Amino acid sequence: MSARTVTPPAHPARPVRRTRRRTLPAAVLAAAALAAGCTPQPPDAGGGAPGGGSGAGGPALAAVDTLTVKGRAPKTGYAREEFGRAWADTDGNGCGTREDILTRDATDVRYQDGERCRVARGVLPQDPYTGRRIVFARGDRKVDIDHVVALSDAWQKGARQWDAGKRLRFANDPLNLLAVDASANRRKGDGDTATWLPPSREYRCRYVARQVAVKKKYGVWVTAAERDAMKRVLNGCPGERLP
């Protein structure tokens, strides 16, 4: 007589309980931010591109104290050419840095004659410096690509001693570049935080945080007046983080 194998009955599968995450309304989140002393901010220029504002670099206010404080050196010897060819293709994607930043920061971008690099027109939905919507076309001089830390300012605070390669990287680093209203940029000149801030108060915290991030990354020093101005701005938004 052969042995019989008995297979025990399978247990019925337990139903999987799914929990739904509640998403708080935007109005509730905004109210919580105001209660915490934060001012809601418009989207940062730069999106998800390198240097585009991930906030992963730590608190901006604390980072100010890591910057070297020294007097401003003479501007002697400064020239734009000291930072290499303007808008070089340092990332090797076949497009100059200016075109990369326009593509990054603008919407409704159209390219000249179907080329993938030469931006013919676009829109800045909310210019960081003025808060205005700017519709621009190539050659109309409405939009500049600004070095958030001006090249001349960097030259007087350490860049004069750098090698050519580091200056080229600095001049083309997306962290240090924004597409902005040209007239506001011309008024800024080579000013630092102590001498110029964006007319748009909503953007000032992120502007200063970006300057701190750039100076920290490259070892550009600050003057005492500049450090104090950075702290005055960031004390009003202690939760601001480095981009």
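Reading the values: rules and limits
Residues numbered from 1 in each chain as written. Predicted model: local features only at pLDDT ≥ 70, side-chain atom pairs only at ≥ 80, totals over all residues. Heavy atoms only, no water. Helix = DSSP H or I, 4+ residues; strand = E, 2+ residues; numbered from the N terminus. Buried < 20%, exposed > 50% of the residue type's maximum accessible area, 1.4 Å probe, protein only. Contact = heavy atoms within 4.5 Å. Pairing = 2+ DSSP bridges. Axes fitted to C-alpha atoms, helices over the stretch in contact; angles between N-to-C directions. Disulfide = S-S within 2.5 Å. Phe/Tyr/Trp six-rings, centres within 6.5 Å; stacked < 30°, edge-to-face > 60°. Lys NZ or Arg CZ within 6 Å of the ring centre and 35° of its normal. Salt bridge = Lys/Arg side-chain N within 4 Å of Asp/Glu carboxyl O. Core = buried A, V, L, I, M, F, W, Y, C linked by side-chain atoms within 4.5 Å. Arc of directions from axis to C-beta. Polar contact = N/O pair within 3.5 Å; in protein donor to acceptor, adjacent residues only side chain to side chain.

Asker: What am I meant to see in the overall build of the chain here?
Answerer: Helix and strand counts for the chain come out as 8 helices and 5 strands. For the chain, the sequential pattern of α-helices and β-strands runs α-α-α-β-β-β-β-α-α-β-α-α-α. Among the 243 residues that make up the chain, the fraction classed as buried is 41%. The contacts of the chain with a sequence gap of at least 6 include a subset with a gap of at least 24, amounting to 69%.

Asker: I tried to follow the pairing of strand β2 (residues 119-124) on my own but got confused; where do I start?
Answerer: In regular strands, side chains alternate between the two faces of the sheet. Buried residues dominate β2, accounting for 5 of its 6 residues. Across 4 bridges, the pairing between β2 and strand β3 (residues 134-137) is antiparallel. Counterpart to Val123 in the pairing with β3 is Val135.

Asker: What is the right way to read the sheet that holds strand β1 (residues 107-111) from this model?
Answerer: In a beta sheet, neighbouring strands are held together by backbone hydrogen bonds and run either parallel or antiparallel to one another. Strand order in the open sheet formed by 3 strands is β1-β2-β3, with antiparallel pairing between adjacent strands. Sheet topology places β1 and β3 at the edges, where each strand pairs with a single neighbour. Neighbour-to-neighbour, the strand axes of the sheet open up by a mean angle of 5°, direction not taken into account.

Asker: So what exactly am I meant to see when it comes to the state of the cysteines here?
Answerer: Working definition of a disulfide: a covalent bond connecting the sulfur atoms of two cysteines. Applying the stated rule across the entire model yields 2 disulfides. Cys95 shares a disulfide with Cys117; S-S distance 2.0 Å. Of note, the bridge from Cys95 to Cys117 carries an S-S torsion of about -75° and is left-handed in sense. With Cys95 in the loop between α2 (60-64) and α3 (97-105) and Cys117 in the loop between β1 and β2, this pair connects stretches of sequence that are 22 residues apart. With a relative accessible area of 5%, Cys95 lands in the buried category.

Asker: Honestly, the packing of aromatic side chains in this entry has me stumped. Any pointers?
Answerer: One pass over the full model with this rule turns up 10 aromatic pairs. Aromatic side chains Phe83 and Phe170 sit 6.2 Å apart centroid to centroid with 40° between the ring planes, which places their arrangement in the tilted category. With Phe83 in the loop between α2 and α3 and Phe170 in helix α5 (residues 164-171), this pair connects stretches of sequence that are 87 residues apart. Comparing Phe83 with Phe170, the two get one shared label, buried. Every member of this aromatic cluster is reached through a ring pair, and the members are Tyr78, Phe83, Trp155, Trp162, Phe170 and Tyr218. Here Lys70 stacks its cationic end above the ring of Trp221, 4.0 Å away from the centre of that ring.

Asker: What is the right way to read the pattern of salt bridges from this model?
Answerer: Side chains that differ in charge, positive against negative, can pair when their charged atoms come close. Tallied over the full model, the rule gives 17 salt bridges. With a shortest N-O distance of 2.9 Å, Asp146 and Lys188 are connected by a salt bridge. In this pair, Asp146 is assigned in strand β4 (residues 143-147) and Lys188 in helix α6 (residues 182-188), connecting sequence segments 42 residues apart. Lys188 matches Asp146 in its accessibility class, with the two residues each being buried. Across the salt bridge formed by Lys157 and Asp192, the nearest N and O atoms sit 2.8 Å from each other. Within this pair, whereas Lys157 is found in the loop between α4 (151-155) and α5, its partner Asp192 is found in the loop between α6 and α7 (204-218), the two being separated by 35 residues in sequence.

Asker: Please explain the nonpolar core as it appears in this structure.
Answerer: Generally speaking, nonpolar side chains in soluble globular proteins are found buried as a group. Counting 36 residues, the largest nonpolar core has Tyr129, Phe170 and Val212 as its most contacted members. For this core, the element with the most residues is α7, which contributes 8 residues. Ranked by size, the runner-up nonpolar core spans 12 residues in total, among them Leu102, Phe136, Ile145 and Leu177.

Asker: Where do I start with the environment of Val135 in this structure?
Answerer: Tracing the backbone through its elements, the reader meets Val135 in strand β3. Since its relative accessible area comes to 43%, Val135 is described here as partly exposed. Along the sequence, Val135 and Asp108 sit 27 residues apart, while their C-alpha atoms lie 9.5 Å from each other. The residues contacting Val135, other than those within four sequence positions of it, are Gly122, Val123, Asp140 and Lys142.

Asker: Even after reading the chapter, I still don't get α5, so can you show me in this structure?
Answerer: Within an α-helix, residues lying three or four positions from one another point in the same direction, as the helix has 3.6 residues per turn. Among all positions of α5, only Arg167, Phe170 and Ala171 are buried. Seen from one end, α5 has its buried residues packed into an arc of 95°, which puts them on one side. Those residues of α5 hidden inside the fold are in contact with β4, α4, β5 (177-181) and α7. A distance of 3.1 Å separates the backbone nitrogen of Gly165 from a side-chain oxygen at the start of α5, and that oxygen is part of Asp163.

These results come straight from atomic positions and should not be treated as a statement about function.
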